[in-house]
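Notes for the structure review
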Amino acid sequence: MSFNIDNFKDIDPGQRILMGPGPSDVPPRVLQAMSSPCIGHLDPTFLFLMNETQQLLRFLFQTENQLTIPVSATGSAGMETCFVNLVEPGDEVVVCVNGVFGTRMCDIVDRIGGKLTRVDAEWGKTINPEDVRNAVKGKNPKVLAVVHAETSTGVCQPLEDLSKIAADSGALFLVDCVTSLGGLNVAIDEMGIDAVYSGTQKCISCPPGLSPISFSARAMEALQKRKTPVLSWYLDMSMVASYWGDDRKYHHTAPINMIYGLREALRIIGEEGLNERFARHLKNHRAFVAGIEAMGLSMLVAEGERLPMLNTVCIPEGADDLAVRKTLLNEFGLEIGGGLGALAGKVWRVGLMGHTSRQRNVLLFLAALETILKAQGVPTNPGALEAVASVYNQP
Ligand SMILES: *Cc1c(COP(=O)(O)O)cnc(C)c1O
């Protein structure tokens with residue numbers, strides 16, 4: 001086999017509009033920050049930026065938690081971090097499952113050797129707190145875990161009741177807010193959340209590669225009281241915490257330029273303001289749904305249980321799922337997601353996350369979808385763009 005380096009061209013992916021389940025569109029300022037010079041990870045200039053990044057993350061999580069840092073890997077590593085640090089072999093763990101990511105939590109608990117109790121709900125529905133209350137009855141769970149924003153279904157899980165159940169049963173409340181953080185209110189101290197993880201590429205609109213996490217004082221205490229060492233060396237927060245803390249004890253090399261990017265993305269969020277950002281996500285979601293329903297299509301999730309940043313649209317009768325997504329990408333530069341697991345071939349997942357959540361994208365997507373469905377001979381009702389406009393015209 002001959003190897004010719006001239007066959008390897010410059011990277012030139014072209015422009016896309018990322019309306020899938022993540023990554024979302026990255027603002028140019030973030031990419032620019034990431035191209036700043038790489039310096040040493042113990043350089044005082046970088047240590048200062050690490051501290052600022054932690055302050056910005058505490059602002060976003062609305063927390064006083066000391067251990068609030070980005071884990072050096074994607075959201076799934078944040079999930080694993082929370083479980084491997086807080087669960088020891090034999091510990092009882094209750095996991096709520098109504099989509100792909102709850103299922104993944106169960107897999108991790110099994111691998112650790114935790115005693116797993118699952119509370120299931122139908123995909124596309126919320127978890128019933130009554131089922132959780134029954135599941136913890138007579139048990140002594142160390143952790144109660146739930147996904148706030150199930151990206152596989154588009155369901156938003158209310159956390160108040162579950163937080164109370166966790167507190168009443170003495171369990172640590174562990175929440176996946178990979179998709180909600182930066183688009184929905186995630187005030188972890190107020191909501192009684194003990195361990196939380198997220199990802200940078202959803203509503204924070206930074207490229208994938210870091211997983212912001214935060215542990216409450218109770219979670220830190222559970223970590224300190226462990227009888228066995230944390231099963232993962234890399235994700236052991238007792239060591240990573242002293243790298244991010246005052247000791248600066250070398251553990252691994254922080255991904256310098258990724259941290260630059262995250263810091264800039266968080267700075268953009270701070271400039272916009274949390275409430276303004278949540279309101280923007282909600283408005284664009286409402287406009288999107290108005291357009292979808294005016295076309296005669298329907299949403300998978302019932303009104304009142306929907307996520308503003310991830311919309312699951314039922315694929316209409318006669319539409320060719322793959323061809324629609326391919327045409328959106330090839331002719332409109334627009335990426336959306338297909339269904340996952342049980343919902344494959346049944347729904348489209350349309351993200352309106354972070355920087356992607358804009359009026360321009362809502363209108364472009366609906367116009368493009370209508371055009372493509374017409375070409376496939378799938379009937380749609382007229383008036384989608386008018387329905388969208390009426391939402392934007394409301395004060
Ligand atoms: C995307 C996502 C993850 C996994 O994050 P990765 O960055 O892909 O590892 C976990 N949970 C939820 C709810 C997600 O949407």
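**Brief notes about the sheet that holds strand β14 (residues 347–351)**
Read across the open sheet, the three strands follow the order β11-β14-β13; overall the sheet is antiparallel. The outermost strands of the open sheet, each flanked by one partner alone, are β11 (310–314) and β13 (337–338). In the packing of helix α10 (residues 274–294) onto the sheet, the strands contacted are β11 and β14, and the crossing angle to β11 comes to about 5°.

**As for the packing of α10 against helix α13 (residues 384–393)**
The contact between α10 and α13 brings their axes to 7 Å, and the two run at 155°. In this view, α10 runs roughly antiparallel relative to α13, as classed from their interaxial angle. Here α10 and α13 pass one another in a crossing that is right-handed. In this structure, α10 uses K283, N284, R286, A287, A290, G291 and A294 to contact α13, whose residues at the interface are A384, A387, V388, V391 and Y392. Grouping the amino acids of the contact of α10 with α13 by side-chain chemistry returns eight nonpolar, two polar and two charged.

**A word on the state of the cysteines**
Using the criterion set out here, one finds zero disulfides in the structure. No disulfide involves C156; its sulfur sits 11 Å from the nearest other cysteine sulfur, which is in C203. Of all cysteine sulfurs, the one in C82 lies closest to C177, which takes part in no disulfide; the gap is 9.1 Å. Using a relative accessible area of 0% as the deciding quantity, one classes C177 as buried.

**Looking at the domain arrangement of the protein chain**
For interface size, the figure often reported is the accessible area lost on association. In terms of domains, the protein chain is made up of domain 1 (28–270) and domain 2 (274–392). A C-alpha centroid distance of 29 Å is found between domain 1 and domain 2. Counting residues at the interface gives 28 residues for domain 1, matched by 21 residues for domain 2. For the domain 1 and domain 2 pair, buried surface summed over both sides reaches about 2,000 Å², with 68% attributable to carbon and sulfur atoms. Summed over the shared surface of domain 1 and domain 2, the number is zero salt bridges. Counting the contacts that link domain 1 with domain 2 gives seven residue pairs in polar contact (both at pLDDT 80 or more). Broken down by secondary-structure element, the contributors of at least two residues to the side of domain 1 that touches domain 2 are α2 (44–61), β6 (149–150) and β7 (155–156).

**Comments concerning the site of the ligand**
T74, S76, T151, D176 and K202 are the nearest of the 13 residues found near the ligand. At 2.9 Å, a backbone N or O of G75 approaches an oxygen atom of the ligand. Residue T179 places a side-chain N or O atom 3.0 Å away from an oxygen atom belonging to the ligand. Relative to its free-state accessible area of 380 Å², the ligand is covered by the protein chains to the extent of 89%. For the shell around the ligand, the elements supplying multiple residues, two or more each, are α3 (75–86) and α4 (100–112).

**Digging into the pattern of salt bridges**
Scanning all chains against the criterion turns up 18 salt bridges. Between E122 and K125 there is a salt bridge, with its nearest N and O atoms 3.6 Å apart. Ionic contacts of the salt-bridge type, sharing partners, join the residues R29, E264, R267 and E271 into one network.

**Structural notes on unusual backbone geometry**
Of the consecutive residues G22 and P23, the connecting peptide bond is found in the cis state with omega at 5°. Take P23: it is sitting in the loop between β1 (17–18) and α1 (28–34). Positioned with a positive phi, Q62 is a non-glycine residue whose angle comes to about 55°. Within the fold, Q62 resides in the loop between α2 and β2 (68–71). The partly exposed category is assigned to Q62, whose relative accessible area is 30%. Of note in the backbone geometry, S205 takes a positive phi value of approximately 60° without being a glycine. Secondary-structure assignment places S205 in the loop between β9 (195–197) and β10 (211–215).

Rules and cut-offs
- Residues numbered from 1 in each chain as written.
- Predicted model: local features only at pLDDT ≥ 70, side-chain atom pairs only at ≥ 80, totals over all residues.
- Heavy atoms only, no water.
- Pairing = 2+ DSSP bridges.
- Helix = DSSP H or I, 4+ residues; strand = E, 2+ residues; numbered from the N terminus.
- Contact = heavy atoms within 4.5 Å.
- Axes fitted to C-alpha atoms, helices over the stretch in contact; angles between N-to-C directions.
- Parallel < 35°, antiparallel > 145°, perpendicular 65-115°, else oblique.
- Left-handed = near helix turned anticlockwise from the far one by under 90°.
- Nonpolar A, V, L, I, M, F, W, Y, C, P; charged D, E, K, R; others polar.
- Disulfide = S-S within 2.5 Å.
- Buried < 20%, exposed > 50% of the residue type's maximum accessible area, 1.4 Å probe, protein only.
- Domains from an automatic or database assignment.
- Buried area = accessible area lost by both parts, 1.4 Å probe.
- Salt bridge = Lys/Arg side-chain N within 4 Å of Asp/Glu carboxyl O.
- Polar contact = N/O pair within 3.5 Å; in protein donor to acceptor, adjacent residues only side chain to side chain.
- Near = heavy atom within 4 Å.
- Areas by Shrake-Rupley, 256 points an atom, 1.4 Å probe, with all protein chains shown as cover.

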